[in-house]
Structures are given as structure tokens and as C-alpha cells.
Amino acid sequence: MAQTLLIQTSNPKPLQRVSVAEAGSELAEIRQMFRQINQLYVAHSPSAFYLATKRCMDVVFSGILLLLTSWLFPLIALFIKLSSKGPVFFVQPRTGLHGKTFRCLKFRTMRLNEEAHTKQATSNDKRITPVGRFLRASHLDELPQLLNIFLGDMSLIGPRPHMLFHTRYYSEKIPFYHLRHEATPGMTGMAQVNGFIGEITNERELRKRIQWDIYYLKNRSIGLDLYILFHTAVQAFGKVFRFKG
């Protein structure tokens, strides 16, 4: 009988079973990557020009997008209020640059529940309202984060910020997890355009996300930021059309 390996997830549901052969090769590759990081990684300090240009991009893009989408805010707010009881916005403490906590803004997509700050949303999560499901599929729930970007808590591009509960949990499981906090968290990032988005279902997927976050840290440039921004827009429009279909 083939052996199986249990991989712990962050959600309180049955552990996912993966064959030893498959998990062994994948985890060996990831462990080797982290060993190389341990030996070769030197904290990358981007140039002052890059940081200034990136901040200007954040202010200009977020300001323009806030103006262009301002008509959507009252409309989305109305649908949220009609769909369920509770506030329009969901404000969640998340981990930002250098591990500092900031208040991340989103349109509320779930019914009020006691697990909002500890349990990640799943694909068939009963807490999500019908309106919230569309907002998540189209990423319109993240529009308020443009204000986070304008104020400097976030950037357009960077590692996605995690809730504090998951920061504590993941930092105990993943080597060099905190390296991702060397960059300002973003609305989208290298992991997301490579398909690692939404629910985290196993440790391998989480490690891959961290691998892409570290890749971004070591290769940050305006060109890479524009590449990620373009591919994020393409993916977002594609999801909206698939949802409508």
C-alpha cells in the first residue's frame, strides 16, 4: 500500500493527503531553495530612486483609480447593506512593512462571524454572502485598499499582507517567512500572478508563495512592478467575464 503524508493546513478541516513520492520531491526542492537563501541571501536594499518612483506610482495610480471608481463605492455599499446586516467595510489588522500592524480595508463580503480574524475564507465558505461572492470573484472587495495605498500602508505591488493570526502561525512553520516583511505589502504581487491566490490549502502552496515573495524582494524594479500590474489586470478582467458567464 502506498504511503501517505499528512500536511497541516491553517484551517480547521481534514488534513490533505499527498503521496510520499510527490511530496518528497516537491518539499526537497523547496528545502533546497531555502538552504540557498540561507547561504546566499543578502538583504536587498532598493535604490532611493526606485523607492521614490514606486511611491509616486502608488500615489498617482491609487489617486486616479479612487477617482475613477468613486461611483462604485455607494453602489457596492448599497448592495452590501441589502444583502446582510453589518457594516459596509471590513477592517482587519494585518502585518505590514517591518512587521508593523496596519488596518487593512475591504468591502465586507461575509456575514458577521466570530472567526473573521482567525479563519481564512474557503471556496465554499457559508459565511460569504451572494453579493460578497461576486465582489471576491471580481476583486472589487479590495477597492478600499486603494486608500491604504494612498496613505502609504500598502503598495500596488508587494507581498500580500496576512492577518495577524496567520503571521504568527506561518512564521512558526516556514523558514525565513519574515523576509517578506522587508517590502511594503501590496494589493497584488509575484505570487498572485503565478497562480497562488486565494485560499491556502497546504504547506507546499504556502512555501511556494513565500518563494515568489522572496524572488520579488531580490528582483524589485519598476519594470517588474509594471509586469505584475499588467498581468493582474488581465487576470481580474478574465475572472469578471468568467463569473458573468
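In what follows, the structure referred to is the one given above.
Here's a quick rundown of the structure. (Residues numbered from 1 in each chain as written. Predicted model: local features only at pLDDT ≥ 70, side-chain atom pairs only at ≥ 80, totals over all residues. Heavy atoms only, no water.)

Considerations on the packing of aromatic side chains
Part 1 of the argument: The tally for this structure, following the rule as stated, stands at 5 aromatic pairs.
Part 2 of the argument: Here Tyr169 and Tyr170 contribute two aromatic rings whose centre-to-centre distance is 5.8 Å and whose plane-to-plane angle is 70°, an arrangement assigned as edge-to-face.
Part 3 of the argument: A network of ring pairs unites the aromatic residues Phe73, Phe89 and Phe107 as a single cluster. (Phe/Tyr/Trp six-rings, centres within 6.5 Å; stacked < 30°, edge-to-face > 60°.)

Brief notes about a nonpolar patch on the surface
Part 1 of the argument: A contiguous nonpolar patch, built from Val60, Phe61, Ile64, Leu65 and Leu68 and spanning about 430 Å² of accessible area, is present on the exposed surface.
Part 2 of the argument: You can see Leu65 is positioned in helix 2 (residues 48–68). (Patch = residues over 30% accessible without salt bridge, like charges linked within 9 Å, V, L, I, M, F, W, Y side chains within 5 Å. Areas by Shrake-Rupley, 256 points an atom, 1.4 Å probe, with all protein chains shown as cover. Salt bridge = Lys/Arg side-chain N within 4 Å of Asp/Glu carboxyl O. Helix = DSSP H or I, 4+ residues; strand = E, 2+ residues; numbered from the N terminus.)

A word on the nonpolar core
Most often, soluble globular proteins keep nonpolar side chains buried together rather than apart.
Part 1 of the argument: Among the nonpolar cores identified, the biggest contains 23 residues, and Ile76, Phe107, Leu143, Tyr216 and Ile228 are the most heavily contacted of them.
Part 2 of the argument: Elements that contribute at least two residues to this core include exactly helix 3 (72–83), strand 4 (101–107), helix 5 (145–151), strand 5 (155–157), helix 7 (190–193) and helix 9 (222–244).
Part 3 of the argument: Here this core gets 5 residues from one element, more than from any other, and that element is helix 3.
Part 4 of the argument: In this structure, Ile76 is in contact with Phe107, Leu135, Leu140 and Leu143, ignoring residues within four places of it in sequence. (Core = buried A, V, L, I, M, F, W, Y, C linked by side-chain atoms within 4.5 Å. Buried < 20%, exposed > 50% of the residue type's maximum accessible area, 1.4 Å probe, protein only. Contact = heavy atoms within 4.5 Å.)

Quick word on the side chain of Arg127
Part 1 of the argument: If you trace the backbone, Arg127 turns up in the loop between strand 4 and helix 4 (130–138).
Part 2 of the argument: A polar side-chain atom of Arg127 sits 2.7 Å from a polar atom in the side chain of Asp125. (Polar contact = N/O pair within 3.5 Å; in protein donor to acceptor, adjacent residues only side chain to side chain.)

So, unusual backbone geometry
Where the residue is not glycine, phi is negative for most of them; where a peptide bond is considered, it is trans in most cases.
Part 1 of the argument: Positive phi, normally seen in glycine, also occurs at His98, with a value near 60°.
Part 2 of the argument: Considering the arrangement of structural elements, one finds His98 in the loop between strand 3 (89–95) and strand 4.
Part 3 of the argument: On the basis of relative accessibility, which here comes to 60%, the residue His98 falls in the exposed class.
Part 4 of the argument: In the Ramachandran plot, His139 falls in the positive-phi region, its phi being about 65° despite a non-glycine side chain.
Part 5 of the argument: The partly exposed category is assigned to His139, whose relative accessible area is 22%.

Digging into helix 8 (residues 203–219)
Part 1 of the argument: With 17 residues, helix 8 ought to run about 24 Å at 1.5 Å a step, and its terminal C-alpha atoms sit 24 Å apart, in line with that.
Part 2 of the argument: Among all positions of helix 8, only Glu205, Leu206, Arg207, Lys208, Arg209, Ile210, Asp213, Ile214, Tyr216 and Leu217 are buried. (Expected span 1.5 Å × (residues − 1).)

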